[in-house]
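Residue-level structural notes
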Amino acid sequence: MTHLYSLPQLGWQAFFQQQLTLEEWEHFNIARIVAQERSVLLVLTTKGKQSLPITPAMPVMTVGDWILLDSTGLFHRLLDRFSLFARKAAGTKVASQLIAANIDTVFVVSSLNQDFNLNRIERYLALANEAGVEPVVVLTKADCCENPQSYTQQVQALDQLLMVVTVNSLDPDSVNKLEPWCCTGKTVALLGSSGVGKSTLLNTLSGKTVQLTHSIREDDDKGRHTTTGRSLHLLPTGGLLLDTPGMRELQLANCEHGIEETFTDIRELATQCKFTDCQHQNEPGCSVRAAINAGKLDERRLTSYLKLMREQAFNQATLAEKRARDRSLGRYYRSVLAEKSNKKKTK
Ligand SMILES: Nc1nc2c(ncn2[C@@H]2O[C@H](COP(=O)(O)OP(=O)(O)O)[C@@H](O)[C@H]2O)c(=O)[nH]1
Ligand SMILES: [Mg+2]
Ligand SMILES: [Zn+2]
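These notes cover the structure that comes with them. Numbers given for residues are sequential positions, taken from 1 along each chain in its written order. Going through the entries in the order they are written, you letter the chains from A and number the ligands from 1. For this predicted model, a pLDDT threshold of at least 70 governs which residues receive local features, and a threshold of 80 or more governs which side-chain atom pairs are given and counted, while totals over whole chains, interfaces and linings are taken from all residues. Calculation of side-chain values draws on the structure's entire complement of heavy atoms; hydrogens and water are dropped beforehand.

1. A look at a positive patch on the surface
Patch membership requires more than 30% relative accessible area and the absence of a salt bridge. Residues of like charge join within 9 Å; the nonpolar side chains Val, Leu, Ile, Met, Phe, Trp and Tyr join within 5 Å. We get accessible surface area from the Shrake-Rupley algorithm with a probe of 1.4 Å; when it comes to residues, only the shown protein chains can shield them. Put simply, a salt bridge is a Lys or Arg side-chain nitrogen that is within 4 Å of an Asp or Glu carboxyl oxygen. The charged-residue count follows a simple rule in which Lys and Arg add positive charge and Asp and Glu add negative charge, with His and chain termini not counted at all. Charged groups are reduced to one reference atom each: NZ for lysine, CZ for arginine, CG for aspartic acid, CD for glutamic acid. A contiguous patch of positive charge, built from Arg323, Arg327, Arg331 and Arg334, is present on the exposed surface. Position of Arg327 among the secondary structure elements: in helix 10 (residues 299–346). Every helix listed is a DSSP run of H or I at least four residues long, and every strand listed is a run of E at least two residues long, numbered separately from the N terminus.

The following block contains the structure:
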């Protein structure tokens, strides 16, 4: 028998309730997407689990989304999201890809071994800030690290207000520190490279194995991909936790605001630069360079900021180009089809 959950336990909030008409509230079933397979969505309602085949008529949806189903279980409509994670799709395809919706908190997971990388943490923070979701940096494998505090300090130096938690993902007493973000109805997404311990965190917080993990080869600390799909899991503490497959190619697109918010120190310094369009290279009167020379700002951080800004601008342009191409291609197909049917009619 599957356990039944109430709407608040599934993460339902006033924000969603306000979107319903009385008719919808009375005659439709509310469902949350908890997993996505190739052509099927898995949803939870107060009556249990149900699968929903994806049809071309449906909008693009993702794990965490709230939808309405009619009395026969068919898709009716998607509700507005209060937060949304998207990224540029991996590889050469430039379609923007939805990662998760309606997330309250994101755990930016990084391990305290060779994988530790401030640039990568900043990249995930930009993504979280762009999505409008509060990030918590979770540093795993503290048990394998000689001096976890030195790493915590480096992350904290990025932003004094940032929450930074150090854990041993295999130890329930240690991952307890994450419980404040995992209370009833709260949805948390795990983001981080493959092998950092996301699935291990999920299992330890669940108190059982719900997701396969992999042992990494000790020589190179590289993890292999074990988690294949995204899925939302209900925790004994009441929260909902979303595991994501390792994102090797996390590319930012349309993320200017998120990057600005992640680098407020640089943004503030830049307002003092002599030129409003200062690139902080060798321009005279550059406050950012002055701060670096005075040892108040890491050169690394400026490089990371500029790299992410260039990357998102480039991907943004590529996406816009692709959309324009798709639109004109669509027009072409429609005109060919129209021509064909005209010919048929005249025959
Ligand atoms: N010692 C130690 N090992 C860990 C920790 N977290 C994860 N691991 C191990 O690291 C490997 C990769 O973990 P996994 O959860 O599959 O990583 P994921 O790819 O992020 O889901 C597994 O062998 C885990 O047992 C930790 O905090 N301490
Ligand atoms: Mg995993
Ligand atoms: Zn400047």
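2. Some points on the pattern of salt bridges
Counted under the stated rule, the structure contains nine salt bridges. Among the ionic pairs, Glu122 bridges to Arg300, the shortest N-O distance being 2.9 Å. Of the two residues, Glu122 sits in helix 3 (residues 118–131) while Arg300 sits in helix 10, which places them 178 residues apart along the sequence. Under the scheme applied here, a residue whose accessible area is under 20% of the maximum for its type counts as buried, over 50% as exposed, and between as partly exposed, the area being computed with a 1.4 Å probe on protein chains only. On the accessibility criterion, Glu122 (0% relative accessible area) is buried. The salt bridge partner of Glu311 is Arg123, with a shortest N-O separation of 2.9 Å. With Glu311 in helix 10 and Arg123 in helix 3, this residue pair connects regions lying 188 residues apart in the sequence. For the pair shown, Glu311 and Arg123 are each scored as buried. Overlapping salt bridges, with partners in common, bring together Glu122, Asp265, Arg300 and Arg301 in one network.

3. Observations regarding the coordination of the zinc ion (ligand 3)
Because water is not among the atoms used, a metal site may look incomplete, as its donors are only the N, O and S atoms within 2.8 Å, or 3.2 Å for Na, K and Ca. At the metal site, the zinc ion (ligand 3) is ligated by Cys273 (SG), Cys278 (SG), His280 (ND1) and Cys286 (SG), and these contacts range over 2.1 to 2.4 Å. All donors to the zinc ion (ligand 3) come from one chain, and their sequence spacing reads C-x4-C-x1-H-x5-C. Each of the two residues, His280 as well as Cys286, counts as buried.

4. Considerations on the packing of aromatic side chains
Two rings belonging to Phe, Tyr or Trp (six-membered ring only in the last case) form a pair when the distance between their centres is within 6.5 Å. Interplanar angles under 30 degrees mark stacking, angles over 60 mark edge-to-face geometry, and anything in between is tilted. Throughout the structure, instances matching the rule amount to nine aromatic pairs. Ring geometry for Phe15 and Phe82: centres 6.0 Å apart, planes at 90°, overall edge-to-face. Note that Phe15 is positioned in helix 1 (residues 14–17) and Phe82 in the loop between strand 5 (75–78) and strand 6 (84–88), a separation of 67 residues in sequence. An aromatic cluster of at least three residues, connected via ring pairs, comprises Trp12, Phe15, Phe16, Trp66 and Phe82.

5. Focus on the nonpolar core
If you look at the biggest cluster of nonpolar residues, it comprises 71 residues, and the most contacted ones within it are Ile67, Phe85, Ile121, Val137, Val155 and Ile259. Here this core gets eight residues from one element, more than from any other, and that element is helix 3. Grouped together as the second largest cluster of nonpolar side chains are 18 residues, Val167, Cys182, Val196 and Leu241 included. Side-chain atoms within 4.5 Å are what join buried Ala, Val, Leu, Ile, Met, Phe, Trp, Tyr and Cys residues into a set we call a nonpolar core.

6. Overview of the environment of Thr264
As for its position among the elements, Thr264 is in helix 8 (residues 264–270). Its relative accessible area of 30% is what places Thr264 among the partly exposed residues. Sequence separation between Thr264 and Asp159 is 105 residues, and the spatial gap between their C-alpha atoms is 8.7 Å.

7. Remarks on the state of the cysteines
What is meant by a disulfide is a covalent connection between two cysteines, made through their sulfur atoms. Only a pair of cysteine sulfur atoms within 2.5 Å counts as a disulfide in this structure description. Inspection of the entire model under this criterion finds zero disulfides. Counting only cysteine sulfurs, Cys183 is the nearest neighbor of Cys182, a cysteine outside any disulfide, at a range of 7.8 Å. Judged by its relative accessible area of 1%, Cys182 falls in the buried class.

8. Focus on helix 3
Residue count minus one, scaled by 1.5 Å, sets the expected span of a helix. Over its 14 residues, helix 3 runs 20 Å from end to end, which matches the ideal 20 Å to within 8%, given 1.5 Å per residue. Counted residue by residue, helix 3 has eleven buried out of 14 residues, so it is predominantly covered. N or O atoms within 3.5 Å of each other form a polar contact, as long as, within protein, one can give a hydrogen and the other can take it, and as long as residues adjacent in sequence are counted only when both atoms are side-chain atoms. At the N-terminal end of helix 3, a side-chain oxygen is found 2.9 Å from the backbone nitrogen of Asn119, two or three residues along, and the residue is Asn117. Gly132 occupies a position one or two residues after helix 3 and carries a positive phi of about 75°.

Functional significance is not addressed by these values, which are geometric in nature.
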